[in-house]
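Summary of structural features
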Amino acid sequence: MSIKDIPLSNNQKKRLLACVKDQSIFFQDENGDIVVDTQAYKVLKERLQQSPIEELLKLDDLETLADYVVFQ
């Protein structure tokens, strides 16, 4: 299992939570970090035919970065 940490501002975290409402894709830990399951997110992207997180944060495909991505 691989994990990738990506720092975000509080405003970016709020926008991230607003753009992905499916709680099976992510969870927010007690520190406020957002943990995204990239395989579940890949399924969502295929269903939506969009890449909401990559579009919002100007990133490459999340699933190529790691199994889990932690936005701090």
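Reference entry: report on the structure contained in this document. Please read these numbers as outputs of a predicted model, since none were measured by experiment. (Residues numbered from 1 in each chain as written. Predicted model: local features only at pLDDT ≥ 70, side-chain atom pairs only at ≥ 80, totals over all residues. Heavy atoms only, no water.)

**What to know about the pattern of salt bridges**
Defined as follows: We count a salt bridge whenever a side-chain nitrogen from Lys or Arg sits within 4 Å of a carboxyl oxygen from Asp or Glu. Helix and strand definitions follow DSSP, with helices as H or I runs of at least four residues and strands as E runs of at least two, each counted in order from the N terminus. Three exposure classes are used, based on accessible area relative to the maximum for each residue type with a 1.4 Å probe and protein chains only: buried under 20%, partly exposed in between, and exposed over 50%.
Enumeration over the complete set of coordinates arrives at five salt bridges. One salt bridge in this structure joins R47 and D22, with 4.0 Å as the shortest N-O distance. Pair noted here: R47 is in helix α2 (residues 38-48) and D22 is in the loop between α1 (10-19) and β2 (26-28), with a separation of 25 residues, a long-range link. By relative accessible area, D22 is classed as partly exposed at 26%. Between D61 and K45 there is a salt bridge, with the nearest N and O atoms lying 3.4 Å from each other. Placement of D61 in the loop between α3 (52-57) and β4 (68-71) and of K45 in helix α2 is noted, with a sequence separation of 16 residues between them. Take K45: its relative accessible area is 11%, and that puts it in the buried class.

**Comments concerning the pairing of strand β3 (residues 34-37)**
Looking down a regular strand, the side chains alternate between one sheet face and the other. What counts, and what does not: When DSSP finds at least two bridges between two strands, those strands are taken to pair.
Sheet topology places β2 next to β3; three bridges connect them, and they run antiparallel. Looking at β3, one finds that F27 is bridged to V35. Counted between consecutive antiparallel strands, the loop separating β2 from β3 contains five residues, among which G32 sits at a positive phi close to 95 degrees. Inspection of the sheet shows β3 paired to β4 by four bridges, in the antiparallel sense.

**Points about the environment of D60**
Tracing the sequence through the fold places D60 in the loop between α3 and β4. On the basis of relative accessible area, D60 is assigned to the exposed category, the value being 63%.

**What to know about the nonpolar core**
This is how the line gets drawn: Residues enter a nonpolar core if they are buried and are Ala, Val, Leu, Ile, Met, Phe, Trp, Tyr or Cys, with the set joined through side-chain atoms within 4.5 Å. Any two residues whose heavy atoms approach within 4.5 Å are treated as being in contact.
By size, the foremost hydrophobic cluster in this structure holds 15 residues, and its most contacted members are I25, V36, Y41, I53, L62 and F71. I25 has contacts with V20, V35, V36, D37, A40, Y41 and L44, leaving out every residue within four places of it along the chain.

**Concerning the side chain of D33**
Residue placement: D33 occurs in the loop between β2 and β3. Its relative accessible area of 14% is what places D33 among the buried residues. What D33 contacts, discounting residues up to four positions off in sequence, is K13, F27, Q28, V70, F71 and Q72.

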